[in-house]
Amino acid sequence: MDVEGAEYDVVLRSSPSSWSDVKAVALEYHPVPGHSLDELLGFLEPLGLSPYHQEDGTEPGLGMIWLRRA
């Protein structure tokens, strides 16, 4: 997922049931005021998608994270 800062709206406004068939996610996250990676993980981890690799970007709040269903 590479939506240049809209990842918070896309993920957090989605229906949890829409993630039921998702087996893996590669997500680029961006520094957006009022949001953080922890917020995205707080939504995705209870749905069974756990991070297994992360690469920090060139500034705080920017990076890539890979998640998969256990």
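A brief report on the enclosed structure follows. (Residues numbered from 1 in each chain as written. Predicted model: local features only at pLDDT ≥ 70, side-chain atom pairs only at ≥ 80, totals over all residues. Heavy atoms only, no water.)

1. Quick look at the overall build of the protein
Put simply, the rule reads: A run of H or I in DSSP becomes a helix once it reaches four residues, and a run of E becomes a strand once it reaches two; helices and strands are each numbered from the N terminus. Both definitions apply: the radius of gyration is a C-alpha atom measure, and the globule rule equals 2.2 Å times residues to the power 0.38. Partly exposed describes any residue whose relative accessible area lies between the buried limit of under 20% and the exposed limit of over 50%, with all areas from a 1.4 Å probe on protein chains only and scaled to the type maximum.
Within the protein, the regular secondary structure consists of 2 helices and 3 strands. Counting from the amino terminus, helix and strand elements in the protein follow one another as α-β-α-β-β. Taking 70 residues into account, the globule formula puts the C-alpha radius of gyration at 11 Å, and the protein, at 11 Å, falls close to it. Dimensions of the protein, computed from C-alpha atoms along their principal axes, come out at roughly 30 × 25 × 20 Å. Every one of the 70 residues in the protein was classed for burial, and the buried ones make up 30%.

2. As for a nonpolar patch on the surface
The following threshold applies: Patch construction takes residues with relative accessible area above 30% that form no salt bridge. Like charges are linked within 9 Å, and nonpolar side chains (Val, Leu, Ile, Met, Phe, Trp, Tyr) are linked within 5 Å. All accessible-area figures derive from a Shrake-Rupley calculation using a 1.4 Å probe, and residue coverage is judged against the displayed protein chains alone. When a carboxyl oxygen of Asp or Glu is within 4 Å of a side-chain nitrogen of Lys or Arg, the pair counts as a salt bridge.
Judged by side-chain polarity, Met-1, Val-3 and Val-10 come together as a nonpolar surface patch covering roughly 200 Å² of accessible area. In this structure, Met-1 sits in the segment before helix 1 (7-12). The partly exposed category is assigned to Met-1, whose relative accessible area is 32%.

3. Considerations on unusual backbone geometry
A positive phi angle is found at Glu-4, which is not glycine, with a value near 50 degrees. Checked against the element boundaries, Glu-4 lands in the segment before helix 1. Looking at Glu-4, the relative accessible area reads 58%, which means it is exposed.

4. So, the sheet that holds strand 3 (residues 63-69)
Just so we agree on the cut-off: For two strands to be treated as a pair, DSSP must find at least two bridges joining them. Only the stretch in contact is used when a helix axis is fitted, and all axes are lines through C-alpha atoms; the angle between N-to-C directions ranges over 0 to 180 degrees. We call two residues in contact whenever any of their non-hydrogen atoms come within 4.5 Å of each other.
Across the sheet, which stays open at both edges, the 3 strands sit in the order 1-3-2 with antiparallel pairing between neighbours. Whereas interior strands pair on both sides, the edge strands pair on one side only; in this sheet they are strand 1 (24-29) and strand 2 (49-56). Sheet twist, expressed as the average angle between the axes of neighbouring strands with direction ignored, equals 20 degrees. Sheet topology note: the strand 1/strand 3 ladder contains 6 bridges and is antiparallel. Its bridge partner lying in strand 3, Leu-27 is registered against Ile-65. Across the face of the sheet, helix 2 (residues 37-44) comes into contact with strand 1, strand 2 and strand 3 while running at roughly 10 degrees to strand 3.

5. Observations concerning the packing of aromatic side chains
Aromatic ring pairs are described here by two measures, namely the spacing of the ring centres and the angle between the planes. Worth spelling out the cut-off: Under the pairing criterion, centres of Phe, Tyr and Trp rings, with the six-membered ring standing for Trp, must be within 6.5 Å; the plane angle then separates stacked pairs below 30 degrees from edge-to-face pairs above 60, leaving the rest tilted. In this analysis the charged atom, NZ for Lys or CZ for Arg, is taken to sit over a ring once it is within 6 Å of the ring centre and within 35 degrees of the ring normal.
Counted according to the given criterion, the structure contains 0 aromatic pairs. Above the plane of the ring of Tyr-52 lies Arg-68, whose end atom (NZ or CZ) is 3.8 Å from the centre.

On their own, these measurements won't tell you what the molecule is for.
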